[in-house]
Amino acid sequence: YAVLGEVVQKYPKLIASSSGVLVLFFKALQSNAASELVASRVYEGLLSVASAYAHAASRATLDQIASVLLAMAIKAQGDARQRVAVVECSNRLYAFTNTKARLVCLVLSNDSSLKVRNACQEGLKPLSRAFRARAARASDTPPPEKKRRVDEKKAEGGEKVPASEGADDAGSS
């Protein structure tokens, strides 16, 4: 399944006209839920297929997929991995302005699984991924040199009191 997902991601025109491959992956995820190893490979392949659909699918195919995802969200059957996959596919395939994709997130936002709820919250916050990525980049960079100079000048301008004198003054009061 993972290999098929990679092939489809490399050649997305193979699936551009039909939602059948995505539905096939969801069925495989449901039928292989008992085997953790197989289910994880199917999940990986499913997310690759969703990325391929996002780049190459026609508008009609995307509308059909949105209806399928919404129907799966409303049924809310299967294990948590399936429900997370529905939300993740919805978030990857559609912009924030797509009402069916946001409805998928709303329907599953009160799920019993924390992973499903977190995925739904991510889909309901516009640009949350972009803000999180920007914040991560900002924390990796050191503060600007100009700000350090200001702090050093503040420290130099203040009256310096040796630690022993400050402790004696505090103790004698």
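The structure under discussion appears in the preceding block.
Now for a quick tour of the structure.

Quick notes on the environment of L47
- Topologically, L47 is positioned in helix α3 (residues 36-56).
- When its relative accessible area of 12% is taken as the criterion, L47 is described as buried.
- Along the backbone, L47 and R92 are 45 residues apart, and their C-alpha atoms lie at a distance of 8.4 Å.
- With residues near it in sequence (within four places) discarded, L47 still touches E88 and R92.

Quick word on the nonpolar core
- In this structure, L22, F26, L46, Y53, L69, L93 and Y94 are the most contacted members of the largest nonpolar core, which totals 37 residues.
- Within the residue set of this core, elements represented by two or more residues are α2 (20-31), α3, α4 (59-75), α5 (80-93), α6 (99-108) and α7 (114-124).
- Here this core gets nine residues from one element, more than from any other, and that element is α3.
- Apart from residues no more than four positions distant in its own chain, Y53 is found in contact with I15, S18, S19, G20, V21, L22, T61, L62, I65 and L93.

Comments concerning a nonpolar patch on the surface
- A grouping of V3, V7, Y11 and L14 is seen on the molecular surface, where their side chains present a nonpolar patch of about 420 Å² in accessible area.
- Counting through the fold element by element, V7 comes out in helix α1 (residues 2-10).

Regarding the pattern of salt bridges
- A complete count under the given rule lists four salt bridges for this structure.
- As a salt-bridge pair, E36 and R81 come within 2.4 Å of each other at their nearest N and O atoms. In this pair, E36 sits in helix α3 while R81 sits in helix α5, placing the two residues 45 residues apart along the sequence.
- Note on E36: relative accessible area 52%, which makes it exposed.
- Salt-bridge contacts for R92 lead to E88; the nearest nitrogen and oxygen are separated by 3.8 Å. You can see R92 and its partner E88 sitting in helix α5, four residues apart, about one turn around the helix.

Conventions we followed
- Residues numbered from 1 in each chain as written.
- Predicted model: local features only at pLDDT ≥ 70, side-chain atom pairs only at ≥ 80, totals over all residues.
- Heavy atoms only, no water.
- Helix = DSSP H or I, 4+ residues; strand = E, 2+ residues; numbered from the N terminus.
- Buried < 20%, exposed > 50% of the residue type's maximum accessible area, 1.4 Å probe, protein only.
- Contact = heavy atoms within 4.5 Å.
- Core = buried A, V, L, I, M, F, W, Y, C linked by side-chain atoms within 4.5 Å.
- Patch = residues over 30% accessible without salt bridge, like charges linked within 9 Å, V, L, I, M, F, W, Y side chains within 5 Å.
- Areas by Shrake-Rupley, 256 points an atom, 1.4 Å probe, with all protein chains shown as cover.
- Salt bridge = Lys/Arg side-chain N within 4 Å of Asp/Glu carboxyl O.

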